[in-house]
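What follows is the residue order along each chain.
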Amino acid sequence: DTAVSQTPKYLVTQMGNDKSIKCEQNLGHDTMYWYKQDSKKFLKIMFSYNNKELIINETVPNRFSPKSPDKAHLNLHINSLELGDSAVYFCASSQDLRGRAADEQFFGPGTRLTVL
Amino acid sequence: SQQGEEDPQALSIQEGENATMNCSYKTSINNLQWYRQNSGRGLVHLILIRSNEREKHSGRLRVTLDTSKKSSSLLITASRAADTASYFCATDATGDSNYQLIWGAGTKLIIKP
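These numbers were taken from a predicted model, which means no experiment stands behind them.

**Re the layout of surface pockets**
Roughly 630 Å³ of internal volume is contained in the largest pocket. Forming the boundary of the largest pocket are 33 residues, of which A:Gln37, A:Ser39, A:Lys41, A:Arg112 and B:Gln37 lie nearest the centre. Going through the elements one at a time, strand 9 (87-94) and strand 11 (111-115) of chain A together with strand 9 (85-93) and strand 11 (107-112) of chain B are the ones with two or more residues in the lining of the largest pocket. Per-element accounting of the lining of the largest pocket gives the leading share, four residues, to strand 11 of chain A. Among the residues forming the lining of the largest pocket, the class breakdown is eleven nonpolar, 15 polar and seven charged. Looking at the second largest pocket, it is lined by 16 residues, and the ones nearest its centre are A:Phe107, A:Gly108, B:Gly42, B:Leu43 and B:Val44.

Below, the structure is given as structure tokens:
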């Protein structure tokens, strides 16, 4: 069984389009994340949700909007896609963080987004 | 923000040799974690070492932590072709109320058969 799954795996689209990436975890974790990994492999946190509540919102354009319908799902919607949005986007999850140090994170397989 | 810096950026060794990667960080931490990323895949957690620990083992992996030097090393013994991957360190900084991990840029390890 896949612990953290993302769809789609590949996404090729034109500038200006709106797209969504879906993420689901079946680990029973309370916290989920979205990361962006650029071509140089730098991994940058974008958002983090704990029990459907936003707890980390790094400086990303407001064209990016996360949505968490329940604690097992964290979707990423991107409006008006730009060339610079091309990257690999990873979803991850971990146990509830509140009150203690960060635990290990479980990553999805990634979504490679290419904006033409 | 990038706190960790891995060293070297890339490492190429023969199968069977040992591989050592280093990670330096800037602030006090609760713990430090190492992850592996195979090409085209997500990251996989390898080992977590807490700030009050100095060394930890898991199979062929050995991690050390020197909080006075704000550095950690990952040793892979008797390397195999399947160890070819990028390796990242991540730190959980103390005082960070968001408990987010801060990631290094990674070391690309190539094991030559």
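Additional details are given in the paragraphs that follow.
**Remarks on the packing of aromatic side chains**
Enumeration according to the criterion identifies eight aromatic pairs over all chains in this entry. Centre to centre, the rings of A:Phe90 and A:Phe107 are 6.3 Å apart; their planes meet at 75 degrees, and the pair counts as edge-to-face. Residue A:Phe90 is located in strand 9, and its partner A:Phe107 is located in strand 10 (residues 106-107); the two are separated by 17 residues in the primary sequence. Ring centres 5.9 Å apart and planes at 80 degrees place the aromatic pair A:Phe107 and B:Tyr35 in the edge-to-face group. Residue A:Phe107 is located in strand 10, and its partner B:Tyr35 is located in strand 4 (residues 29-37); the two belong to separate chains. Classification of B:Tyr35 as buried rests on a relative accessible area of 0%. Chaining the aromatic ring pairs together yields one cluster made of A:Tyr33, A:Tyr35, A:Phe90, A:Phe107, B:Tyr35 and B:Trp103.

**A few points about the sheet that holds strand 8 (residues 73-78) of chain A**
Backbone-to-backbone hydrogen bonds pair the strands of a sheet. The strands run either parallel or antiparallel. All names here are of chain A. As summarised here, the arrangement of the four strands in space is 1-3-8-7, forming an open sheet in which the pairing is antiparallel. Of all the strands in the sheet, just strand 1 (4-7) and strand 7 (64-70) have a single pairing partner and so form its edges. Each adjacent strand pair in this sheet contributes to an overall mean axis angle of 20 degrees, direction not counted. Bridging between strand 1 and strand 3 (residues 19-25) involves four bridges; their strand directions are antiparallel. Following the sheet pairing, Val4 is matched in strand 3 by Gln25.

**Observations concerning a positive patch on the surface**
On the surface, a cluster of positive charge is contributed by A:Lys9, A:Lys41, A:Arg112, B:Arg41 and B:Lys108. Locating B:Lys108 in the fold gives a position in strand 11.

**Overview of the sheet that holds strand 8 (residues 71-76) of chain B**
Residues and elements named next belong to chain B. Read from one edge to the other, the open sheet built from five strands follows the order 1-3-8-7-6, with strand pairing classed as antiparallel. The open sheet has two edge strands, strand 1 (5-7) and strand 6 (55-58), and neither has a second partner. Going from strand to strand, the sheet's axes swing by 15 degrees on average, the running direction of each strand aside. Bridging between strand 1 and strand 3 (residues 19-24) involves three bridges; their strand directions are antiparallel. Of the residues in strand 3, the one forming a bridge with Asp7 is Asn22.

**Concerning the environment of B:Ser12**
Positionally, B:Ser12 belongs in strand 2 (residues 10-14). Ignoring any residue separated from it by four or fewer positions in sequence, one finds B:Ser12 in contact with B:Ile110 and B:Lys112.

**Observations regarding the nonpolar core**
By size, the foremost hydrophobic cluster in this structure holds 21 residues, and its most contacted members are B:Leu32, B:Trp34, B:Leu74, B:Ile76, B:Tyr87 and B:Leu109. Those elements giving two or more residues to this core turn out to be strand 3, strand 4, strand 5 (43-50), strand 7 (61-66), strand 8, strand 9 and strand 11 of chain B. Core analysis: the second largest hydrophobic core is formed by 20 residues, A:Leu11, A:Met32, A:Leu74 and A:Leu81 among them.

**Let's talk about the side chain of B:Ser86**
Residue and element names in this part refer to chain B. By the secondary structure assignment, Ser86 is in strand 9. Classification of Ser86 by relative accessible area gives buried; the value is 11%. In this view, Ser86 contacts Tyr35, Arg36, Gln37, Thr107 and Lys108; residues no more than four positions away in its chain are not counted.

Reading the values: the criteria
- Residues numbered from 1 in each chain as written.
- Chains lettered and ligands numbered in written order.
- Predicted model: local features only at pLDDT ≥ 70, side-chain atom pairs only at ≥ 80, totals over all residues.
- Heavy atoms only, no water.
- 1 Å grid on protein atoms, 1.4 Å probe; cavity = no way out; pocket = protein on both sides within 12 Å on 5 of 7 lines; lining within 4 Å.
- Points joined across faces, edges and corners; volume = space filled by probe spheres on them.
- Helix = DSSP H or I, 4+ residues; strand = E, 2+ residues; numbered from the N terminus.
- Nonpolar A, V, L, I, M, F, W, Y, C, P; charged D, E, K, R; others polar.
- Phe/Tyr/Trp six-rings, centres within 6.5 Å; stacked < 30°, edge-to-face > 60°.
- Buried < 20%, exposed > 50% of the residue type's maximum accessible area, 1.4 Å probe, protein only.
- Pairing = 2+ DSSP bridges.
- Axes fitted to C-alpha atoms, helices over the stretch in contact; angles between N-to-C directions.
- Patch = residues over 30% accessible without salt bridge, like charges linked within 9 Å, V, L, I, M, F, W, Y side chains within 5 Å.
- Areas by Shrake-Rupley, 256 points an atom, 1.4 Å probe, with all protein chains shown as cover.
- Salt bridge = Lys/Arg side-chain N within 4 Å of Asp/Glu carboxyl O.
- Lys, Arg positive; Asp, Glu negative; His and termini not counted.
- Charge placed at Lys NZ, Arg CZ, Asp CG, Glu CD.
- Contact = heavy atoms within 4.5 Å.
- Core = buried A, V, L, I, M, F, W, Y, C linked by side-chain atoms within 4.5 Å.

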